[in-house]
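Chain by chain, the residues run as shown.
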Amino acid sequence: MAKNYSNNQTQFGIEEPILDGQTRMPKAEKVVVGPIDTVQIALVKKRQLLIIGATGLVLVVIGVLVLIGMNLGSGQVIPQISDQSPTPTPEVVDLSLREQIDLLTNQVEQFEKPSRSLVFPSVETDIRINELK
Amino acid sequence: MNQKKLLIKNLALTVVAVAVIWLTITPVLAQSDPLAQPLTLLDGQRISAEELSRHTQALRDLYAKQIESYKFAEKDYQLAKNQQTQLGTLSSVERTTQLAKVAMIERSDVLITYFNLLHNYLVMAEGIDPKDQEKTSAEILSHITDYQAHRQKILFVEDRASLNQIAEEFDQVFAVSTNLVYRVLYALDLSQMNSLRLHAVVLYEKLQQKQADLPLSQTKLAERDRAYLDIDRVFDQISSQIENEQQLAIDETKGGLEIYKQGANLLAQTQANLMKALKYLQELASVI
């Protein structure tokens with residue numbers, strides 16, 4: 001149903017200049033109303049929803065990663081003994097046999113027990129709170 | 001145009017939101033789990049020598065920080081305890097309880113990191129029977145779990161009586177830990193010495209192979225054979241010593257500390273004999 005507008009007012013509520021007492025019609029593209037606007041708004045809303053959805057997804061992924069990180073760092077160390085020798089052996093390939101013997105003699109002479117670098121911590125074992133007298 | 005603006009606006013909002021969440025969570029995590037740094041190994045994961053070495057170094061650094069921090073916490077607790085004895089007020093008890101709690105948590109952290117270090121050393125050690133190595137590894141991990149549980153309990157306790165109850169439980173775990181630690185330390189020392197011995201044996205065999213084809217006079221041959229006999233005798237003695245030391249390591253009748261002390265003397269003798277064998281090898285390699 002067509003709406004009635006005053007002589008100097010368009011459907012957008014904008015006053016149009018009056019020429020010779022006639023109301024000039026608004027430009028064609030401005031006249032377009034209703035269905036196309038709805039489509040545009042729907043498209044924008046759809047994009048907004050997509051962006052919000054993507055943002056949410058990113059946040060969820062970050063959250064999951066953080067949780068995994070917390071789990072990894074939560075404290076459990078499980079035994080894993082590598083197939084390969086874990087202690088790097090000294091490179092003696094290029095040394096002569098005599099040099100290798102000298103090197104080993106030196107190592108034995110300066111033999112340092114691993115326990116020396118792993119001294120059991122001296123901690124207070126009696127941490128208790130006395131009763132109030 | 002509007003869509004582009006909207007897209008940019010939303011992206012900017014996303015970036016800001018992520019940044020805010022990240023900045024909020026990171027420090028919280030760091031505070032909530034001080035053990036996050038050292039414990040990064042997964043179930044069944046195999047680890048290279050380099051990784052293990054790096055991990056061990058990280059643990060060492062952490063341990064140094066934790067022990068320093070613990071010493072301060074222990075000092076604060078001792079001061080508060082002395083004050084409580086002098087003042088005898090309710091607030092002094094409250095303060096001592098809080099400081100005891102902090103000291104107990106930090107003590108747990110120190111012990112957990114220490115056991116992690118010990119575990120890494122055990123994994124790196126050569127010359128230990130794989131079965132013994134795995135059994136001991138499981139024991140160490142069990143102790144780590146115990147101390148973690150102990151730490152968790154402390155976190156949720158506020159009153160004096162409950163804290164004292166947890167302290168009682170700690171005593172039991174700690175006594176078993178001490179025994180285990182000294183056993184492991186001795187096993188590590190022994191494995192190191194055994195590795196050196198095996199290396200010496202390999203070099204001796206190489207030397208024999210090298211000298212086998214040398215054109216030697218009868219005198220030189222006799223001299224060399226006498227040297228071989230001397231070296232064999234010393235190596236036999238060392239093997240026998242290592243066997244005794246290995247028996248000591250699995251002696252269930254002895255306590256960990258006793259084994260460690262007794263073992264240290266035995267290892268010193270083995271070291272002396274190994275030196276003797278290597279001196280012979282040096283002479284043999286230079287003379288002939």
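What you see is a predicted model, and the numbers here were worked out from it, not measured in a lab. (Residues numbered from 1 in each chain as written. Chains lettered and ligands numbered in written order. Predicted model: local features only at pLDDT ≥ 70, side-chain atom pairs only at ≥ 80, totals over all residues.)

Here we take up the overall build of chain B. Helix and strand counts for chain B come out as seven helices and zero strands. N-terminal to C-terminal, the α/β element order of chain B is α-α-α-α-α-α-α. Burial analysis of chain B (288 residues in total) assigns 34% to the buried set. Taking all contacts inside chain B whose residues are at least 6 apart in sequence as the whole, residues at least 24 apart take part in 76%. (Helix = DSSP H or I, 4+ residues; strand = E, 2+ residues; numbered from the N terminus. Buried ≥ 20, exposed ≤ 12 C-beta atoms within 10 Å, placed from the backbone. Contact = placed C-beta atoms within 7 Å.)

Moving on, we come to the overall build of chain A. Scanning chain A for helices and strands turns up three helices and two strands. Helices and strands appear in chain A in the N-to-C order β-β-α-α-α. In chain A, which comprises 133 residues, the proportion classed as buried is 8%.

What follows covers helix 3 (residues 97-109) of chain A. All names here are of chain A. The end-to-end C-alpha separation of helix 3 is 18 Å, in line with the 18 Å expected for 13 residues at 1.5 Å each. Among the residues making up helix 3, those that are buried are Gln-100, Ile-101, Leu-104 and Val-108. Along the axis of helix 3, the buried positions cluster into a sector of 100°, meaning they face one direction only. Facing away from the buried surface of helix 3 by more than 90 degrees, the exposed residues are Glu-99, Asn-106 and Glu-109. (Expected span 1.5 Å × (residues − 1). Arc of directions from axis to C-beta.)

Let's shift gears to the packing of helix 4 (residues 130-155) of chain B against helix 5 (residues 160-212) of chain B. Residues and elements named next belong to chain B. Two elements in contact, helix 4 and helix 5, have axes whose closest approach is 11 Å; the angle formed by their N-to-C orientations is 155°. Between helix 4 and helix 5, the angle falls in the class roughly antiparallel. For helix 4 against helix 5, the interelement crossing comes out left-handed. Residues Thr-136, Glu-139, Ile-140, His-143, Asp-146, His-150, Lys-153 and Ile-154 of helix 4 form the contact with helix 5, whose participating residues are Ile-166, Glu-169, Phe-170, Val-173, Ser-177, Leu-180, Val-184 and Ala-187. Counted by class, the contact of helix 4 with helix 5 contains eight nonpolar, four polar and four charged residues. (Axes fitted to C-alpha atoms, helices over the stretch in contact; angles between N-to-C directions. Parallel < 35°, antiparallel > 145°, perpendicular 65-115°, else oblique. Left-handed = near helix turned anticlockwise from the far one by under 90°. Nonpolar A, V, L, I, M, F, W, Y, C, P; charged D, E, K, R; others polar.)

Our focus in this paragraph is the nonpolar core. One recurring pattern in soluble globular proteins: nonpolar side chains tend to sit buried together. Membership of the largest hydrophobic core comes to 66 residues, with the highest contact counts inside it found for Leu-118, Ala-277 and Leu-281 of chain B. Elements supplying a minimum of two residues to this core: helix 3 of chain A together with helix 2 (49-87), helix 3 (90-124), helix 4, helix 5, helix 6 (218-249) and helix 7 (256-287) of chain B. Residue assignment places this core across two domains, with domain 1 (48-156) and domain 2 (192-287) of chain B each supplying three or more. (Core = buried A, V, L, I, M, F, W, Y, C linked by C-beta atoms within 7 Å. Domains from an automatic or database assignment.)

For the rest of this paragraph, the subject is helix 2 of chain B. At 3.6 residues per turn, the α-helix brings residues three or four places apart onto the same side. Residues and elements named next belong to chain B. Taking 1.5 Å as the rise per residue, helix 2 with 39 residues should run 57 Å; its terminal C-alpha atoms sit 56 Å apart, in good agreement. Within helix 2, burial applies to Leu-52, His-55, Leu-59, Tyr-63, Gln-66, Tyr-70, Ala-73, Glu-74, Tyr-77, Ala-80, Lys-81 and Gln-84. Packing partners of the buried residues in helix 2 comprise helix 3. At the C-terminal side of helix 2, Gly-88 shows a positive phi close to 65°.

Once that is clear, we can look at the packing of helix 3 of chain B against helix 4 of chain B. Residues and elements named next belong to chain B. The N-to-C vectors of helix 3 and helix 4 enclose an angle of 165°; their axes lie 9 Å apart at closest approach. Judged on the interaxial angle alone, helix 4 and helix 3 are roughly antiparallel. Classified by chirality, the crossing of helix 4 by helix 3 is left-handed.

Examined against the element boundaries, Ala-138 of chain B turns out to sit in helix 4. For the pair Ala-138 of chain B and His-119 of chain B, spaced 19 residues apart in sequence, the C-alpha to C-alpha distance is 9.2 Å.

Residues and elements named next belong to chain A. Model confidence for chain A is summarised by a mean pLDDT of 68, while 51% of its residues fall at 70 or above. Mean pLDDT across the secondary structure elements of chain A bottoms out at strand 1 (residues 18-19), with 50, and peaks at helix 3, with 93. Counting contacts from residues 73-93, a segment whose pLDDT is below 50, to residues more than four positions away or on other chains yields 49 contacts. (pLDDT = per-residue confidence, 0-100.)

So, on to the confidence of the model for chain B. Residue and element names in this part refer to chain B. When pLDDT is averaged across chain B, the result is 86; 84% of the residues are at 70 or more. A low-confidence stretch, residues 24-40 (pLDDT under 50), is modelled with 26 contacts involving residues beyond four sequence positions or located in other chains. ipTM for the predicted complex: 0.71, alongside a pTM of 0.67.

With respect to the helices and strands, Arg-233 of chain B occurs in helix 6. The spatial distance from the C-alpha of Arg-233 of chain B to the C-alpha of Ala-277 of chain B is 9.1 Å, given a sequence separation of 44 residues.

Now for the environment of Ser-108 of chain B. All names here are of chain B. Locating Ser-108 in the fold gives a position in helix 3. Residues Ser-108 and Gln-152 lie 44 residues apart in sequence; the distance between their C-alpha atoms is 9.7 Å. Aside from chain neighbours lying at most four places away, what touches Ser-108 is Tyr-147, His-150 and Arg-151.

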